[in-house]
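A closer look at the structure
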Amino acid sequence: MQVRVANVSKNYAGMAALSDVSLTVGSGELVALLGPSGSGKTTLLRTIAGLESPDSGVVYFDDRDASESRIQDRGVGFVFQHYALFRHMRVMDNIAFGLRARRKSKPKDGDIKKRVMELLDLVQLSGLEKRFPSQLSGGQRQRVALARALAIEPRVLLLDEPFGALDARVRKDLRRWLREIHERTGHTTLFVTHDQEEALELADRVVVMNRGQIEQSATPDEIYDTPATPFVFSFIGESSVIPVTIGNGRATLDERVIDLEIGRLPDGPAQLFLRPEDVAMVTDGGPGIPGLVVSTRRIGGMRRVTMECGLARHRIEFDASAELAIQNSQRVQVRIVGGRVYGAGQEGYATEKLAASATADFKWARAEGWLDR
Amino acid sequence: MSTPAITAQPDGKPPRAKWRRRSVLPGFGLSLGYTIAYLSLIVLLPLAGLAISAASLGWNEFWAIAFDPRVSAALQLSFGAAMLAAVVNTVFGVLIAWVLVRYRFPGRRWLDAAVDLPFALPTAVAGIALATLYAPNGPFGAVLENVFGVKVGFSALGVVFALMFVGLPFVVRTVQPVLEEIDRETEEVSATLGAGRFRTVTRVILPAMFPAILTGFALSFARGVGEYGSVIFIANNLPFESEIAPLLIVIKLDEHNYAGATAIATIMLVIAFVMLFVINVLQAWSRKWFGHE
Amino acid sequence: MSSNAAQKNRQKQAIGEGPITRAILIALALAFLGVMLIAPLLVVFIEAFGRGVGVFFDSLTSPHTMSALQLTLLVAAIAVPANLVFGVAAAWAIAKFDFRGKAFLLTLIDLPFAVSPVVSGLVFVLLFGANSALGPWLDANNIKILFAVPGIVLATIFITFPFIARELIPLMQQQGSSEEEAAVSLGAGGWRTFFLVTLPNVKWGLLYGVLLCNARAMGEFGAVSVVSGHIRGQTNTLPLHIEILYHDNKAAAAFAVASLLALLALVTLAVKSILEARFAGSLAAQRRH
């Protein structure tokens with residue numbers, strides 16, 4: 001079933017938790033709502049579930065206004081962050097709860113039992129049906145919560161920070177397993193997370209949220225490779241930011257030209273975003289942006305170097321071969337081989353992907369006092 | 001059951017009444033309506049009756065009763081004895097809470113349970129028991145009078161003892177949970193920073209407990225001011241000496257002096273409301289203090 | 001206190017008072033509690049049986065005692081269920097919903113804690129007494145509230161109505177609403193959610209509140225004393241009966257009746273201790289009365 005959120009806004013005590021959010025989730029899609037805490041992702045999920053009602057805007061389930069039906073009849077399977085298992089009920093009674101609560105076409109006891117056993121098998125908890133929630137581990141509780149939500153054959157499955165309270169190993173196992181369940185059952189699924197790795201690995205599509213708004217909604221590859229806004233760029237992966245000025249199709253830092261192919265960006269201030277792999281150290285004595293090394297640390301087979309450049313000592317991080325002996329206060333030169341420039345556009349951001357290499361003369365930098373300490 | 005939870009307005013404007021956050025759970029109207037109706041009938045209506053009676057007295061009559069020497073003496077005794085009892089209860093209540101939370105010794109559970117005795121024991125029962133204990137020929141009364149020369153039973157001091165009995169659990173039960181919550185690591189930090197035990201207790205633990213201690217004191221005091229049942233047996237109820245304000249209300253009622261009873265009750269109520277207000281402010285303060293909000 | 005915290009305390013005794021200070025503090029606490037609380041309780045039972053078991057049972061089976069006992073049970077049987085329904089409704093509204101004026105409502109519920117029992121009785125005298133607005137009408141229609149059972153019931157309800165609400169509200173607030181939301185999202189209606197999800201989660205706290213409410217309802221003295229008129233055999237509850245016996249210099253009989261109420265108090269405390277030991281998590285951590 002398709003879920004469509006149309007221009008939804010929601011305020012709490014004067015604070016905008018959601019401002020004019022629109023989103024369409026296709027049938028059978030697995031979508032992650034990703035963002036820092038307070039970005040509105042949980043509010044959006046609860047609004048889709050009908051647990052919160054929007055101040056304005058509408059949530060459609062397959063072109064039908066979902067608010068026309070009571071929450072009981074909406075058919076959402078909601079998995080709560082802390083599971084919200086009924087602690088006085090055994091696992092089987094928890095899972096059977098929704099089936100027993102049905103008014104119309106309430107299944108027979110035998111059918112309910114059969115369905116519960118199927119679900120227990122699906123979530124790999126067969127044999128634990130007589131336990132109470134307090135007798136289960138965190139991962140097992142999570143799976144009971146999911147089975148309980150799946151029992152009512154929901155039209156859409158919503159999970160709030162499904163792996164938030166679990167330790168790292170269990171989390172990885174459950175992630176893979178949730179993906180499998182999704183492929184088998186084919187429910188339209190949304191889950192909330194603040195863990196980018198989780199979102200990128202698990203979801204068909206990632207919706208990045210910030211301050212009650214959607215920053216970008218795209219596939220994991222697009223999110224990483226063509227982030228739509230500076231926020232997405234800096235929230236996903238590692239990044240360095242340098243403020244530059246654009247004029248006459250060229251970017252300048254401290255009135256010195258950094259030779260970049262800027263493309264169609266408008267003139268004015270802009271931000272240069274770089275991932276560590278977008279920066280290469282110049283080792284052949286060729287031209288490059290000069291800087292001073294302020295720290296190095298070992299990351300796997302590489303050495304992550306932080307250098308300062310420009311009058312305001314902007315920091316750039318890049319990876320160098322671990323074999324190179326790089327020390328603090330050493331002078332280095334780097335060449336920009338990728339990254340993105342975000343300038344102010346008509347609406348939101350105009351962005352250009354960089355392909356060119358940057359060149360600059362070590363000597364002028366020295367003369368301007370870039371490297372004086 | 002209330003209206004359907006989700007009602008986005010067609011024009012996109014926020015829905016009208018914003019005095020409550022909408023919730024998907026049903027029964028708000030029913031439960032709140034019943035609560036308010038019951039509250040109004042059982043509490044507000046009778047209290048309004050008192051307010052009307054007090055208002056119909058007129059200032060002159062009201063002040064004449066309030067400043068009647070016997071009434072003043074009774075009010076002074078009620079508030080003074082309650083204050084004294086609350087002070088003693090605060091000292092010993094904190095001590096008892098400390099011992100119950102921090103130390104392990106045989107019989108601790110029994111002691112912990114016994115603290116609630118004044119909550120559960122009817123005041124009349126407590127009253128005759130205390131009167132028997134502290135009477136001049138009673139087991140405690142005789143010792144106190146013969147050895148220390150102090151007369152507790154059938155005197156103003158007896159009032160204080162009765163109020164100590166009824167007020168003690170308020171201090172213990174307010175302080176105890178806060179003491180349990182105090183992070184022992186802060187004490188350990190204090191010790192590693194070189195503070196002695198006394199310094200740690202007075203500078204680190206007590207300040208953290210202070211709001212709770214104040215609240216317990218106020219609750220004990222408020223209970224003591226209004227207490228009646230346990231006091232009238234142990235005090236000999238002589239005007240100007242050991243006659244408490246609630247007893248004077250009963251006496252005025254027996255004399256069919258409704259105006260007098262109303263005036264004394266009003267004074268006590270006003271003070272009780274002020275106390276209640278202070279308690280709530282203190283509680284808000286203590287919550288903020290511990291970062292619960 | 002949970003066993004977990006107890007264990008923590010035992011492990012960390014490197015920091016704390018020395019054994020002598022510790023012993024002195026424990027001794028002080030024991031002495032104070034012994035003198036202030038335990039001694040009065042013991043006196044009740046010693047005095048009750050002081051004149052022999054025969055006197056004890058004679059006092060308990062006297063017609064006046066029996067009628068006082070009946071009235072006390074009747075009053076509790078009306079007041080406790082009434083306050084139970086109120087407490088559950090108030091806790092549901094306050095703990096599960098956000099609305100303006102909640103703090104004010106909580107203060108109103110606390111009111112009877114701050115009002116002297118005598119004043120609680122007085123307000124009903126002023127409301128229904130002979131020279132109140134209602135008095136003549138009640139008289140004309142031959143409805144007796146004051147100095148009769150209805151007045152005693154009303155005063156008792158007034159005095160005891162915060163107990164159950166006050167026990168449930170923090171407990172239900174602490175438990176949050178997510179289990180109820182889960183139930184509703186699974187298709188359960190309001191009553192079903194309440195009886196199958198909410199009630200089982202608060203049942204021990206509810207029982208505890210009922211016990212406290214009942215102990216207070218059966219033991220209330222001041223308010224009932226003001227509205228009852230002390231008519232022996234008709235409007236005398238057990239606490240009032242104790243007062244009359246005591247002032248008639250029938251101390252042994254007074255203590256015999258008192259021991260009955262003291263026993264009720266002990267049972268209340270015992271059940272409370274058991275509930276706390278067993279279901280520490282399902283009772284509110286912080287409470288006051």
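Residues numbered from 1 in each chain as written. Chains lettered and ligands numbered in written order. Predicted model: local features only at pLDDT ≥ 70, side-chain atom pairs only at ≥ 80, totals over all residues.

Attention shifts here to unusual backbone geometry. All names here are of chain B. One non-glycine residue, Asn237, lies in positive phi territory at about 60°. For Asn237, the location among the structural elements is in the loop between helix 11 (229–234) and helix 12 (245–254). With phi around 70°, Phe240 is a residue other than glycine that occupies positive phi space. Examined against the element boundaries, Phe240 turns out to sit in the loop between helix 11 and helix 12. For Phe240, a count of 12 C-beta atoms within 10 Å gives the class exposed. (Helix = DSSP H or I, 4+ residues; strand = E, 2+ residues; numbered from the N terminus. Buried ≥ 20, exposed ≤ 12 C-beta atoms within 10 Å, placed from the backbone.)

The extent of an interface is frequently quoted as the accessible surface area lost upon association of the parts. By the assigned domains, chain A splits into domain 1 (3–227) and domain 2 (238–367). A straight line from the C-alpha centre of domain 1 of chain A to that of domain 2 of chain A covers 41 Å. (Domains from an automatic or database assignment.)

Taken together, the contact between chain C and chain B spans 84 residues of the former and 87 residues of the latter. Looking at the side of chain C that touches chain B, the element that brings in the most residues is helix 2 (residues 19–50) of chain C, giving 16 residues. Of the residues that constitute the side of chain C that touches chain B, the class distribution is 57 nonpolar, 12 polar and 15 charged. (Contact = placed C-beta atoms within 7 Å. Nonpolar A, V, L, I, M, F, W, Y, C, P; charged D, E, K, R; others polar.)

Residues and elements named next belong to chain A. Across the sheet, which stays open at both edges, the six strands sit in the order 6-7-8-3-9-10 with mixed pairing between neighbours. On the outer flanks of this sheet lie strand 6 (76–79) and strand 10 (213–218), each paired with one strand and no other. Across this sheet, the average inter-strand angle for adjacent strands is 15°, counted without regard to direction. Bridging between strand 6 and strand 7 (residues 156–160) involves four bridges; their strand directions are parallel. Bridging across to strand 7, Val79 finds its partner in Leu159. In the packing of helix 5 (residues 138–151) onto the sheet, the strands contacted are strand 6 and strand 7, and the crossing angle to strand 6 comes to about 170°. (Pairing = 2+ DSSP bridges. Axes fitted to C-alpha atoms, helices over the stretch in contact; angles between N-to-C directions.)

As a further point, take the nonpolar core. The biggest cluster of nonpolar side chains holds 171 residues, and the ones touching the most others in it are Val125, Ile128 and Leu130 of chain B together with Leu122 and Ala258 of chain C. In terms of residue count, the dominant contributor to this core is helix 3 (residues 69–102) of chain B (16 residues). Beyond its immediate stretch of four places on either side in the chain, Leu130 of chain B contacts Phe161, Ala162, Phe165, Ser230, Phe233 and Ile234 of chain B together with Pro40 of chain C. Counting residues in each nonpolar core, the second largest holds 105 residues, with Val31, Ala84, Phe191 and Leu272 of chain A among its members. (Core = buried A, V, L, I, M, F, W, Y, C linked by C-beta atoms within 7 Å.)

Look at helix 11 (residues 190–219) of chain C: only 37 Å from first C-alpha to last across 30 residues, short of the 44 Å you get at 1.5 Å a residue. At Lys203 of chain C, helix 11 of chain C shows its strongest bend, of approximately 60°. (Expected span 1.5 Å × (residues − 1). Bend = angle between axes of the 7 residues up to and from the residue.)

All names here are of chain C. Under the domain assignment, chain C is made up of domain 1 (14–50) and domain 2 (52–282). Computed over C-alpha atoms only, the centres of domain 1 and domain 2 are separated by 30 Å. Taken together, the contact between domain 1 and domain 2 spans seven residues of the former and nine residues of the latter. Each residue belonging to the side of domain 1 that touches domain 2 can be placed in one class, and the counts come to five nonpolar, one polar and one charged.

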